[in-house]
Amino acid sequence: MRHIISILMENESGALSRVAGLFSARGYNIESLTVAPTEDASLSRMTLVTRGSDDVIEQITKQLNKLIDVVKLIDLAESAHIERELMMIKVKTTEKTRAEVKSMADVFRGRILDFTPETYVIEVTGPSEKLDAFIAALDADSIIEVVRSGATGISRGEKGLHL
Amino acid sequence: MELSGAEILIRSLKDEGVEYIFGYPGGAVLHIYDALFRQDDVKHILVRHEQGATHAADGYARATGLPGVVLVTSGPGATNAVTGIATAYMDSIPMVVISGQVPSPVIGSDAFQEVDMIGISRPCVKHNFLVKDVNLIAETIKKAFYVATTGRPGPVVVDIPKDITDPRIKVPYKYPKKVSIRSYNPAVAGHKGQIKKAVDLLLTAERPMIYSGGGVVIGEASKELTEFSQLLGYPVTNTLMGLGAYPATDKQFIGMLGMHGTYEANMGMHESDVIIAIGARFDDRVTGKLDMFCPYAKIIHIDVDPASISKTVKVDIPIVGEVKPVLEQMIDLIKESKKTPNKKALETWWKQIKDWQAIDCLEYDRKSPLIKPQFVIEQLYEVTKGDAYVTSDVGQHQMWAAQYYKFDKPRRWINSGGLGTMGFGMPAAIGVKLAHPDADVACVTGEASIQMCIQELSTALQYKTPIKIVNLNNRFMGMVRQWQEFSYESRYSHSYLDTLPDFVKLAEAYGHVGMRIDKPEQVRPALEEAFAMKDRTVFLDIITDQTENVYPMIENGKGHHDMKLRIAATGTTTDRELA
């Protein structure tokens, strides 16, 4: 099953490599990984998407918690949460297809960020599945480039991951 | 008080209470060595290879419970230390390794003797630090010791670029009394409800087993384990790392378990209905094939490391906490409980165990004209009155030492259990002897292992650490040969050493006493003579039976109940019939 693990960690050099190293050393897979500082400059927030049985996910969270730089973590998949990923996609367009691509982007609430007579750059935001669906909806031959941020997430309600 | 980075480092070690530092100088640590030279508080032990430094520090740590401290230079100094760091990591040994690094401005430029020690050591340390500011040295050292010695202990590397220890840059020094790390809060006490549940389950057991490991030794809970076990009257088996945590000569002790464990311990595990694992981690050498492991048992597991729980074997009642306080609480609960152990069921259980013991799985040919390695260990046990510190290397000799030397006290048996590092034993023995100068220290080794760190014989002379090296010389990498005999139709691929040195002359060349023993009747007098030489390191080169194998054995992919016994292997009967 797909899990989104959200990690609050010390904003120190090497912290990212400890997490990445743990995954490669223990043979866990990483589907996506994003990391950026938080409002507290001493902390980074990492969101990691992985797949595994319940036992594997339990080991992953325990092993992550063992890393000295990890302050706190939650498995977002365990409760109600919001997931977002940003994608920028560059597609080929012609006079004939331009309108169709634009209306498709509208359906997915995408925005055109840039255009030339032959291309569009479209921004789409949403759960990773939605981005997959948008890619699938486009003519595969028209896609020049896909850039995805990797999933990030936050829990619903009053609880939050903070110090 | 204003000090340079190098002085701060050494002063911090002194203020941390460090007695010995095991190391080897080099370019990146010259400022530190100069600071070492100008003081007498921290004693430096100069090894002959950085791997030796880590093993000696490790031996010191295992024998005392105090952290071992190592100082190496950058590049090859650091990489040479990695094997010893990994050894300590696998066995949860507290250690602080200070490695020099090239000066900060040239880091990343492939400078002379530069290696990314933080990156290289990351998978085999509990944590590591790169010190980027002279003002952070004292606090980092304090943090390093705190992390290394608390929770599940382990090695911590502190990498210090050369410019940070520059003698010209002086800053105020203050060693912090306490340090806290917001992201590191190891559990101490176990969950009360879980402990209660565990005691309730234990008291309903009909075929209980107490399976205890290295965590009891590291957690200083040997006394509590003994009281707990004797209060219940249940059989106790120890892992390789746990030997000595429960007295081996006690009647409740049924031997080591696992791949080369006793028949009674492994059969007991297989048939048990309630197992309590205490400071043990269900290592693959203990469990055998996982889906056959303890099929009838409910399992309680006490461990300070939550990640050890249900890692390989799913447990029914996990308790995260230090072994000692958890056992103390359990003892109190058992004493208060209205329930008592099921006497009738226990009587039947012990009868069954005695039947298994009657097979005498550790019996060997005592009439052989050749020296049997098991006989040597038995003689070592008698000559040292069971009270020596015994280190070992890795292989058959290690298993024989574990099987035949009956350890009654914790911290007496010192071996590389997790990583299985050949070359560990002799430098470790030097560390042990420094910690306990009046105790008998023996290193049980083989002619293959001993050559992996043989250079430390020179260290043993320099620091007058009179150890006794018991070299079980069978002219083979014995354990490799045994597996090749069992699994590769005796194709002895590169497991034979046919150009061995003359170990007697070698020992003499290093300034020690060498003895060659090739007849069984010489073993006892030679050991007595060696241990009588209180101030000399003695190398006993004992020529043993080349064909001897370690029994019993659970072969790869088999369960506890499916052991290869000596009697079965020689063709008289099978273990199944015996069971």
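Going by the structure above, here's the rest.
What comes next concerns the included structure. (Residues numbered from 1 in each chain as written. Chains lettered and ligands numbered in written order. Predicted model: local features only at pLDDT ≥ 70, side-chain atom pairs only at ≥ 80, totals over all residues. Heavy atoms only, no water.)

1. Focus on a nonpolar patch on the surface
Residues and elements named next belong to chain A. On the surface, a cluster of nonpolar side chains totalling about 290 Å² of accessible area is made up of L86, M88, L113 and V147. Summarising the element assignment, L86 is placed in strand β5 (residues 81-92). For L86, a relative accessible area of 33% translates into the label partly exposed. (Patch = residues over 30% accessible without salt bridge, like charges linked within 9 Å, V, L, I, M, F, W, Y side chains within 5 Å. Areas by Shrake-Rupley, 256 points an atom, 1.4 Å probe, with all protein chains shown as cover. Salt bridge = Lys/Arg side-chain N within 4 Å of Asp/Glu carboxyl O. Helix = DSSP H or I, 4+ residues; strand = E, 2+ residues; numbered from the N terminus. Buried < 20%, exposed > 50% of the residue type's maximum accessible area, 1.4 Å probe, protein only.)

2. Points about the sheet that holds strand β20 (residues 538-543) of chain B
Residue and element names in this part refer to chain B. Spatial strand order, β16-β15-β17-β18-β20-β19: six strands in an open sheet with parallel pairing. Because the sheet does not close on itself, it has two edges, and the strands there are β16 (413-414) and β19 (513-517). Contacting β17 (441-446), β18 (468-473), β19 and β20, helix α20 (residues 520-532) runs over the sheet at an angle of about 170 degrees to β19. (Pairing = 2+ DSSP bridges. Contact = heavy atoms within 4.5 Å. Axes fitted to C-alpha atoms, helices over the stretch in contact; angles between N-to-C directions.)

3. Let's talk about the sheet that holds strand β10 (residues 236-238) of chain B
Residues and elements named next belong to chain B. If you trace the six strands from one edge of the open sheet to the other, you get β11-β10-β9-β12-β13-β14, paired in parallel fashion. The two strands at the open ends of the sheet, each matched to only one other strand, are β11 (253-256) and β14 (317-320). Taking the axes of each pair of neighbouring strands and ignoring which way they run, one obtains an average angle of 15 degrees across the sheet. With five bridges connecting them, strand β12 (residues 274-278) and strand β13 (residues 298-303) associate as parallel partners. Counted as the bridge partner of I275 is I299 from β13. Its contacts with the sheet place helix α7 (residues 192-204) against β12, β13 and β14, and it is angled at close to 135 degrees to β14.

4. Concerning the interface of chain A and chain B
Listed as interface residues are 20 residues of chain A and, on the opposing side, 19 residues of chain B. Buried area between chain A and chain B, both sides added, is near 1600 Å², and the carbon and sulfur share of it is 46%. At the junction of chain A and chain B, the tally comes to three salt bridges. Summed over the shared surface of chain A and chain B, the result is 11 residue pairs in polar contact (both at pLDDT 80 or more). For the side of chain A that touches chain B, the secondary-structure elements that each account for two or more residues are α1 (15-25), α2 (54-66) and β4 (70-75) of chain A. (Buried area = accessible area lost by both parts, 1.4 Å probe. Polar contact = N/O pair within 3.5 Å; in protein donor to acceptor, adjacent residues only side chain to side chain.)

5. Let's talk about the environment of M477 of chain B
Residues and elements named next belong to chain B. Position of M477 among the secondary structure elements: in the loop between β18 and α18 (478-487). Once the C-alpha coordinates of M477 and R412 are considered, the two residues, 65 residues apart in sequence, prove to be 25 Å apart. Apart from residues no more than four positions distant in its own chain, M477 is found in contact with E447, A448, H494, S495 and L497.

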